[in-house]
Amino acid sequence: HAYMAKEAKPDGYTVGILAMSGVFDQIVTKNAPFSKEDFDPIGFINFEPYVLMTRSESFTELMDKARKGGPNSVRTSVVTGTTSGLVVDLIEKSQGVKLQRVPFQGGKPSLLGLLNNTVDMALGFYTEGDQYFRSGQARAAVVADTEKHARLPDTPTMESLGIPVSGVTFGAARFIELPVGVPADVRAYLEQSFLKVLKDSSTQAAFEKLGLTVRPY
């Protein structure tokens with residue numbers, strides 16, 4: 001993010017795929033060295049919501065445990081510099097619980113913390129947890145969205161459990177971005193080229209194989 005915003009030359013040779021486009025960085029990162037105005041989005045790829053994962057418990061079972069055990073009796077991961085902490089805020093407020101927050105540098109380390117019993121629940125992405133869901137080592141307990149995940153039809157949404165999330169908000173909204181100031185003709189060429197590739201059936205099939213749905217515009 002910082003390189004794209006402050007160092008990359010606006011010549012069309014540097015293209016970034018950024019999540020959240022700096023919109024939330026100013027909220028979750030103190031003194032962020034960039035803002036959304038430092039980037040020029042030329043295309044949307046997809047949105048992937050957070051999935052709250054447990055080892056085997058349902059979301060309801062963990063919340064019951066948190067109420068009975070009292071503050072900090074259930075441990076949850078929060079990934080530094082992301083909106084995962086805001087999701088935990090919403091869970092605590094709606095469920096009347098106080099969770100112990102354990103920071104991690106990334107979704108994959110957070111999931112490994114779940115598997116080795118460092119935390120009781122972790123927020124990450126389906127693509128990070130799929131192999132563990134299939135092996136039975138982890139459970140997709142709830143999706144942080146208003147719509148069900150295409151690959152997790154039996155997993156409830158947070159909205160269905162009374163957690164006031166907004167759709168297409170908590171997760172990774174992936175954009176193709178340029179540094180500000182790329183010449184208009186170069187920008188137009190890149191925008192059209194990336195859109196063509198993203199709409200191609202082979203590209204969409206490759207994303208689907210990974211559990212991702214491409215929604216280019």
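Just so we're clear, the structure is a prediction, and the values are computed from it rather than from any experiment.

**Examining the pattern of salt bridges**
Under the counting rule described, the total for this entry stands at nine salt bridges. The residue Arg55 makes a salt bridge to Asp120 at a minimum N-O spacing of 3.3 Å. With Arg55 in the loop between β3 (51-54) and α3 (59-69) and Asp120 in the loop between α5 (107-115) and β6 (121-124), the pair connects residues that are 65 residues apart, well separated along the chain. Among the residues examined, Arg55 registers a relative accessible area of 22% and is labelled partly exposed. Among the charged side chains, a salt-bridge network with shared partners connects Asp40, Arg187 and Glu191.

**Notes on the sheet that holds strand β8 (residues 171-179)**
Across a sheet, strands are paired by hydrogen bonds formed along the backbone, either parallel or antiparallel in direction. As summarised here, the arrangement of the three strands in space is β1-β8-β2, forming an open sheet in which the pairing is antiparallel. Two strands close off the open sheet at either side, each with one partner strand: β1 (16-19) and β2 (39-49). For this sheet the average axis-to-axis angle between neighbouring strands, irrespective of direction, equals 25°. Bridge analysis of β2 against β8 gives nine bridges, and the strand direction is antiparallel. If you follow Phe39 over to β8, its bridge partner there is Pro179. Most of the contacts of helix α7 (residues 184-199) go to β2, to which it runs at about 20°, and overall it touches β2 and β8.

**Regarding the environment of Lys196**
In this structure, Lys196 sits in helix α7. Taking the C-alpha atoms as reference points, Lys196 and Pro216, 20 residues apart in sequence, are found 9.2 Å from one another.

**Considering the pairing of strand β7 (residues 139-143)**
Of all the five residues making up β7, four are buried; the element is thus mostly covered by neighbouring parts of the structure. The pairing of β3 with β7 spans four bridges and is classified as antiparallel. Paired with Met53 across the two strands is Ala140, which belongs to β7.

**Describing the packing of aromatic side chains**
Tallied over the full model, the rule gives three aromatic pairs. When the ring of Tyr50 is compared with that of Phe125, the centres are 5.4 Å apart and the planes differ by 20°; the resulting orientation is stacked. Here Tyr50, found in the loop between β2 and β3, pairs with Phe125, found in the loop between β6 and α6 (126-135); they are 75 residues apart in sequence, far enough to count as distant. Given the relative accessible area of 5%, Tyr50 is considered buried.

So, how was this worked out
- Residues numbered from 1 in each chain as written.
- Predicted model: local features only at pLDDT ≥ 70, side-chain atom pairs only at ≥ 80, totals over all residues.
- Heavy atoms only, no water.
- Salt bridge = Lys/Arg side-chain N within 4 Å of Asp/Glu carboxyl O.
- Helix = DSSP H or I, 4+ residues; strand = E, 2+ residues; numbered from the N terminus.
- Buried < 20%, exposed > 50% of the residue type's maximum accessible area, 1.4 Å probe, protein only.
- Pairing = 2+ DSSP bridges.
- Axes fitted to C-alpha atoms, helices over the stretch in contact; angles between N-to-C directions.
- Contact = heavy atoms within 4.5 Å.
- Phe/Tyr/Trp six-rings, centres within 6.5 Å; stacked < 30°, edge-to-face > 60°.

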